[in-house]
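Structural overview
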Amino acid sequence: MAASSASFANTVRKPLPVSNLSSKLPIPSAFTTVSFRTNRRPSHVVFISASLDGKPTVLVAEKLGEAGLALLKEFANVDCSYNLSPEELNTKISLCDALIVRSGTKVNREVFESSGGRLKVVGRAGVGIDNVDLAAATEHGCLVVNAPTANTVAAAEHGIALLASMARNIAQSDASVKAGKWQRNKYVGVSLVGKTLAVMGFGKVGTEVARRAKGLGMHVIAHDPYAPADRARAVGVELVGFDEALATADFISLHMPLTPATSKILNDETFAKMKKGVRIVNVARGGVIDEEALVRALDAGIVAQAALDVFMVEPPPQDSKLVQHERVTVTPHLGASTMEAQEGVAIEIAEAVVGALKGELASTAVNAPMVPAEVLSELKPFVILAEKLGKLAVQLVAGGSGVKTVKVTYASSRGPDDLDTRVLRAMITKGLVEPISDVFVNLVNADFTAKQRGLRIAEERVILDGSPENPLEFIQVQIANVESKFASAISESGDVTVEGRVKDGVPHLTKVGSFEVDVSLEGSIILCRQVDQPGMIGTVGSILGSENVNVSFMSVGRIAPRKHAVMAIGVDDQPSNATLKKIGDVPAIEEFVFLKL
Ligand SMILES: NC(=O)C1=CN([C@@H]2O[C@H](COP(=O)(O)OP(=O)(O)OC[C@H]3O[C@@H](n4cnc5c(N)ncnc54)[C@H](O)[C@@H]3O)[C@@H](O)[C@H]2O)C=CC1
Ligand SMILES: O=C(O)C(=O)COP(=O)(O)O
């Protein structure tokens, strides 16, 4: 990434009266800050821009509960277009800021490419996100959010319903009676009590299935390499290895997501490890079972019965041997389909999508750091600070080897585990990259973008004594191996350095190079290095005043009385080049730079 100086041309540089000014400026041993401030708070970071009437457009591509639609309509133009063909979706998507789907819509790379950069949020009204190309979403800076909790119980209840109806041949005997038959001997079932159920995937749904199965008197074991043992213990479930689960289970219920690792996890080889006569329930995803292998296992008598809500291809072909199999019970992906779950999912996804459109950081993000809502709210002013420090630092770069190596220091009295810096790093990347490129950076694609551009961000934590109430004392951003258009921004380490703090909820710039300043990060900033002498604030203030440029904040940090000082001036409006020239012409001013925030 080559640093561009062209976009920030309003710079005057006069020689410093010391040699090697970029690295030899002493750290101010004594400094004074003089500051005037207004009470304006920084404006909120808005994630999305909207369409002509000022409202964003949300395309709802699959049926969504009324309560969710009502929430969406309060904030956005809502286009409910169900059953779109892939071509129709690709055409429509360029006019949409957000897309809401369930499991029936493939949100593939083409959708993101067709959106022309406008699509910023995909909301999956449910849990499984295997129908969304997350890599493509991330590369396009599109946030993917899901509704991870509202259908948990519905899916678990459907699993239990399938388990019981399979064991007692409910679907088959129902069809038989309706066909005029009365086959009491044919449909003798098996009991659940005392049987071993292996729950494969002990997450939200798996846990609820386990609880209910225990209530039915089953012995429940679970396999999940990532599940905490104490959660299993709390439910009274033993966590076992994959092979042990297969070998000991009378019933197997699948509750893991479809991922490359779980794809066709039940196959010829793994069916061969199962107890003869095992019964299988799948309310997870069709792709976790090799369907042809399941037909073979059914025919070979390894699998006595299967009950399936999900299929590799949905809907499955009508002549599917699996669907038509006498010992297989099927439902058309109904796990989440209860009135209660659909209402809950609709509200959960509408809130997540509206929040994301408003620029709030999402706590149900799937392809961005998932940070709990309370942590996000606490970090909010630091998120703004982080972006602005990145923006300031990159604007101070004049050349050198380009912005490649950035060091970020977080000073906090909290322990390393108590401070999640992923959001801050993402926003610093946004601040660094956006002013010098046409890339839109957000929490979603920040790390991807940094990597693509060869930008290495090293993070360091400084643990301070003191109260951990405040998440952070300061954030420092340093860019290595570059020259600066404002020589005083180069600190002792030889890096362009800016540092900031949050004061009363407002982000402030508190250090430039080795000079301590104090200016709230709003509007724009003029930094001047000057010979410290009386009247400088007045001189510059009156130049700006005579040009009707409103000053919001001024502060002076100096090395020692009557030596060099750096004056930071917050301005509401961008001064004209002529005004900036007048400032540069003040004899005591040695260099200055105008920085946009
Ligand atoms: N049929 C339907 O309508 C519904 C289906 N689902 C499906 O159920 C799945 C589970 O949903 P939740 O429980 O809410 O998700 P979850 O994320 O809470 O649980 C998934 C669990 O699977 C585990 N897991 C991952 N890889 C595994 C592996 N190789 N072996 C064993 N366990 C593994 C994870 O550690 C996690 O604990 C979803 O991914 C979705 O595909 C969910 C809701 C409704
Ligand atoms: O939430 C899930 O993962 C589901 O499978 C539910 O899918 P649906 O929203 O009913 O198409």
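Residues numbered from 1 in each chain as written. Chains lettered and ligands numbered in written order. Predicted model: local features only at pLDDT ≥ 70, side-chain atom pairs only at ≥ 80, totals over all residues.

Now for the sheet that holds strand S21 (residues 506–512). Taking strand neighbours across the sheet as the criterion, the 6 strands line up as S17-S16-S18-S20-S21-S22 in an open arrangement whose pairing is mixed. Two strands close off the open sheet at either side, each with one partner strand: strand S17 (456–463) and strand S22 (515–520). Across this sheet, the average inter-strand angle for adjacent strands is 20°, counted without regard to direction. Pairing of strand S18 (residues 474–479) with strand S20 (residues 496–503), which is carried by 5 bridges, proceeds in the antiparallel orientation. Counterpart to Gln476 in the pairing with S20 is Glu499. Its contacts with the sheet place helix H14 (residues 373–395) against S18, S20 and S21, and it is angled at close to 160° to S20. In the packing of helix H15 (residues 422–433) onto the sheet, the strands contacted are strand S16 (405–412), S17 and S18, and the crossing angle to S17 comes to about 135°. (Pairing = 2+ DSSP bridges. Helix = DSSP H or I, 4+ residues; strand = E, 2+ residues; numbered from the N terminus. Axes fitted to C-alpha atoms, helices over the stretch in contact; angles between N-to-C directions. Contact = placed C-beta atoms within 7 Å.)

Below, the discussion takes up the domain arrangement of the protein. Taken domain by domain, the protein consists of domain 1 (57–146 + 342–358), domain 2 (150–330), domain 3 (371–513) and domain 4 (518–596). Summarising the inter-unit geometry, the C-alpha centres of domain 2 and domain 4 are found 72 Å apart. (Domains from an automatic or database assignment.)

Attention now moves to helix H7 (residues 204–215). Helix length check: H7 (12 residues) gives 17 Å between terminal C-alpha atoms against 16 Å at 1.5 Å per residue, within 8%. Looking only at H7, the buried set comprises Val205, Gly206, Thr207, Glu208, Val209, Ala210 and Ala213. On the buried face of H7, the contacting elements are helix H5 (152–167), strand S8 (196–200), strand S9 (219–223), helix H8 (229–235) and strand S11 (251–254). Positive backbone phi, at 85°, marks Gly217, one or two positions downstream of H7. (Expected span 1.5 Å × (residues − 1). Buried ≥ 20, exposed ≤ 12 C-beta atoms within 10 Å, placed from the backbone.)

With that settled, consider the packing of helix H17 (residues 536–546) against helix H18 (residues 577–585). Relative to each other, H17 and H18 sit at 165°, their axes nearing to 10 Å. Here H18 runs roughly antiparallel to H17, going by the angle between their axes. The way H17 lies across H18 gives a crossing that is right-handed. Contacts between H17 and H18 involve Val540, Ile543 and Leu544 on the former and, on the latter, Thr579, Lys582 and Ile583. Looking at side-chain class alone, the contact of H17 with H18 contains 4 nonpolar, 1 polar and 1 charged residues. (Parallel < 35°, antiparallel > 145°, perpendicular 65-115°, else oblique. Left-handed = near helix turned anticlockwise from the far one by under 90°. Nonpolar A, V, L, I, M, F, W, Y, C, P; charged D, E, K, R; others polar.)

Ordered by their spatial adjacency, 5 strands build an open sheet running S4-S3-S5-S6-S7, and the pairing between neighbours is parallel. Lying at the two open borders of the sheet, with one neighbouring strand each, are strand S4 (77–80) and strand S7 (143–146). Strand-to-strand twist across the sheet, computed as the mean angle between neighbouring axes with direction ignored, equals 20°. The strands that helix H13 (residues 339–357) touches are strand S3 (57–60), strand S5 (98–101), strand S6 (121–124) and S7; relative to S6, the one it contacts most, it runs at about 170°.

Turning next to the environment of Pro381. Here Pro381 shows up in helix H14. Between the C-alpha atoms of Pro381 and Pro507, which are 126 residues apart in sequence, the distance is 6.3 Å. Setting aside anything within four residues of it in sequence, one finds Pro381 in contact with Val502, Gly505, Val506 and Pro507.

Before going further, it helps to examine the site of ligand 1. As a structural note, the neighbourhood of ligand 1 is formed by 31 residues, with Gly128, Gly201, Gly203, Pro257 and Gly335 the closest of them. Looking at the shell around ligand 1, the elements with two or more residues in it are H5 and H7. For the shell around ligand 1, the element with the most residues is H7, which contributes 3 residues. In the shell around ligand 1, the residues fall into 16 nonpolar, 11 polar and 4 charged. (Near = placed C-beta within 6 Å.)

Now for the pairing of strand S23 (residues 524–531). The buried fraction of S23 amounts to 6 of the 8 residues, a majority that puts the element mostly inside the structure. Taken together, the 8 bridges between S23 and strand S25 (residues 564–571) define a ladder with antiparallel strand orientation. Bridge pairing links Arg529 to Val566 in S25. Sheet topology note: the S23/strand S26 (residues 589–596) ladder contains 7 bridges and is antiparallel. When the sheet's bridge partners are listed, Arg529 is paired in S26 with Glu591.

Of all residues except glycine, most have a negative phi; of all peptide bonds, most are trans. Cis geometry marks the peptide bond from Glu314 to Pro315, where omega comes out at -5°. Take Pro315: it is sitting in the loop between strand S13 (303–308) and helix H12 (321–324). Notably, Lys264 is not glycine yet its phi reads approximately 50°, a positive angle. Position of Lys264 relative to the elements: it lies in the loop between S11 and helix H10 (268–271). Judged by C-beta crowding, with 16 C-beta atoms within 10 Å, Lys264 ranks as partly exposed.

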